[in-house]
Amino acid sequence: MPSIVYEIINLLAAILRLIGMAVLGLGIGWLSLDLLRKAQAWQLQIAVFLGFFGLAIAAMRFLAPAALGAFGIGVGVAIFLWGMPKKQKKEEEEVNP
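Q: Can you explain the side chain of Ser 32? Please cite residues and give values.
A: The residue Ser 32 is located in helix 1 (residues 2-38) in this model. Its relative accessible area of 14% is what places Ser 32 among the buried residues. In this structure Ser 32 touches Val 48 and Phe 52, once residues within four positions along its chain are discounted.

Q: Explain the environment of Gly 27 residue by residue, including any values.
A: Here Gly 27 is to be found in helix 1. Along the chain, Gly 27 and Gly 74 lie 47 residues apart, while their C-alpha atoms are 7.9 Å from each other.

Q: Quick rundown of the packing of helix 1 against helix 3 (residues 65-82)? Include the residues and the values.
A: Relative orientation of the contacting elements helix 1 and helix 3 amounts to 40°, with a least axis distance of 7 Å. One way to sum up the angle between helix 1 and helix 3 is to call them oblique. Here helix 1 runs over helix 3; the crossing is right-handed. Residues Arg 17, Leu 18, Met 21, Ala 22, Leu 24, Gly 25, Leu 26, Ile 28, Gly 29, Trp 30, Leu 33 and Arg 37 of helix 1 form the contact with helix 3, whose participating residues are Ala 66, Ala 67, Ala 70, Phe 71, Gly 74, Val 75, Val 77, Ala 78, Ile 79 and Trp 82. Across the contact of helix 1 with helix 3, the residue classes tally to 17 nonpolar, three polar and two charged.

Q: Talk me through the pattern of salt bridges; I want residue IDs and the actual numbers.
A: Taken as a whole and assessed by the stated rule, the structure comprises one salt bridge. Residue Asp 34 pairs with Lys 38 through a salt bridge whose shortest N-O separation is 3.4 Å. Taken together, the positions of Asp 34 and Lys 38, both in helix 1 and four residues apart, correspond to about one turn of that helix. Of the residues examined, Lys 38 reaches a relative accessible area of 58% and is grouped as exposed.

Criteria and thresholds
Residues numbered from 1 in each chain as written. Predicted model: local features only at pLDDT ≥ 70, side-chain atom pairs only at ≥ 80, totals over all residues. Heavy atoms only, no water. Helix = DSSP H or I, 4+ residues; strand = E, 2+ residues; numbered from the N terminus. Buried < 20%, exposed > 50% of the residue type's maximum accessible area, 1.4 Å probe, protein only. Contact = heavy atoms within 4.5 Å. Axes fitted to C-alpha atoms, helices over the stretch in contact; angles between N-to-C directions. Parallel < 35°, antiparallel > 145°, perpendicular 65-115°, else oblique. Left-handed = near helix turned anticlockwise from the far one by under 90°. Nonpolar A, V, L, I, M, F, W, Y, C, P; charged D, E, K, R; others polar. Salt bridge = Lys/Arg side-chain N within 4 Å of Asp/Glu carboxyl O.

In structure tokens, the structure reads:
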């Protein structure tokens, strides 16, 4: 009986770890993109870039494969949400002056 309880706790812990790593990846991706855009000096841009990839390398070394995948998905979503250039809405402004 206790082994079933431990298995359920392990499953819940793994799901929580996946969700947490996805949220962490989303936050780190947003922060990296925001700092890269706001950086005036090239030295700061290089520091943010190397810091992000240092974190990714450390994650590859020390995280479980599923947690690393969730981190990567979070970073990818952040890049697609906030990293893509915004489209101009000139057509709507011309139609509705």
